[in-house]
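# Residue-level structure breakdown
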Amino acid sequence: MSESEKDTNENEEKIPVMQQLLDNPFLLLFLGVTIPTVFYLIWGIMEIVTIPIAK
């Protein structure tokens, strides 16, 4: 196998989907902001729901 054929085969190798996702800095930024926000909102709603009603 010649050198150019080896380069062609290496270039045709598929990049795994998870690596493509983790290589995207904007997606990581979005997830890093969104996931904690959603968890804090859910936590806050649970806290408000568990407050006993004043009589």
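As the structure is a computational prediction, the values presented were derived from the model and not from experiment.

### Observations concerning the overall build of the protein chain
Helices and strands together make up the secondary structure of the protein chain, namely three helices and zero strands. Counting the 55 residues in the protein chain, one finds 0% classified as buried. Carbon together with sulfur atoms contributes 69% to the accessible area of the protein chain, which is approximately 5600 Å² in total.

### Focus: helix 3 (residues 25-50)
Taking 1.5 Å of rise per residue, 26 residues should cover 38 Å, and helix 3 covers 38 Å from first to last C-alpha, within 8% of that figure. Burial analysis of helix 3 places just zero of its 26 residues in the buried class, a small minority of the element. Here helix 3 starts with a cap whose side-chain oxygen sits 3.2 Å from the backbone nitrogen of Phe 26, and that cap is Asn 24.

### As for a nonpolar patch on the surface
On the surface, a cluster of nonpolar side chains totalling about 490 Å² of accessible area is made up of Val 17, Met 18, Leu 21, Leu 22 and Leu 28. Counting residues per element, the nonpolar patch draws most heavily on helix 2 (residues 17-22), at four residues. Examined against the element boundaries, Leu 22 turns out to sit in helix 2.

### Considerations on the environment of Thr 34
Turning to its location among the elements, Thr 34 is positioned in helix 3. By relative accessible area, Thr 34 is classed as partly exposed at 27%. Within the structure, the side chain of Thr 34 is placed 2.7 Å from the backbone oxygen of Phe 30, a separation counted as a polar contact.

### Section: the confidence of the model for the protein chain
When the pLDDT values of the protein chain are averaged, the result is 87; 80% of them are 70 or greater. Taken element by element, the predicted model of the protein chain shows its lowest mean pLDDT in helix 1 (residues 3-11) (61) and its highest in helix 3 (96).

### Things to note about the packing of aromatic side chains
Counted according to the given criterion, the structure contains one aromatic pair. Geometrically, the ring pair formed by Tyr 40 and Trp 43 is stacked, given 5.9 Å between the ring centres and 25° between the ring planes. Of this pair, Tyr 40 and Trp 43 are both found in helix 3, three residues apart, which corresponds to roughly one turn of the helix. Both residues of the pair, Tyr 40 and Trp 43, count as exposed.

The rules we used
- Residues numbered from 1 in each chain as written.
- Predicted model: local features only at pLDDT ≥ 70, side-chain atom pairs only at ≥ 80, totals over all residues.
- Heavy atoms only, no water.
- Helix = DSSP H or I, 4+ residues; strand = E, 2+ residues; numbered from the N terminus.
- Buried < 20%, exposed > 50% of the residue type's maximum accessible area, 1.4 Å probe, protein only.
- Areas by Shrake-Rupley, 256 points an atom, 1.4 Å probe, with all protein chains shown as cover.
- Expected span 1.5 Å × (residues − 1).
- Polar contact = N/O pair within 3.5 Å; in protein donor to acceptor, adjacent residues only side chain to side chain.
- Patch = residues over 30% accessible without salt bridge, like charges linked within 9 Å, V, L, I, M, F, W, Y side chains within 5 Å.
- Salt bridge = Lys/Arg side-chain N within 4 Å of Asp/Glu carboxyl O.
- pLDDT = per-residue confidence, 0-100.
- Phe/Tyr/Trp six-rings, centres within 6.5 Å; stacked < 30°, edge-to-face > 60°.

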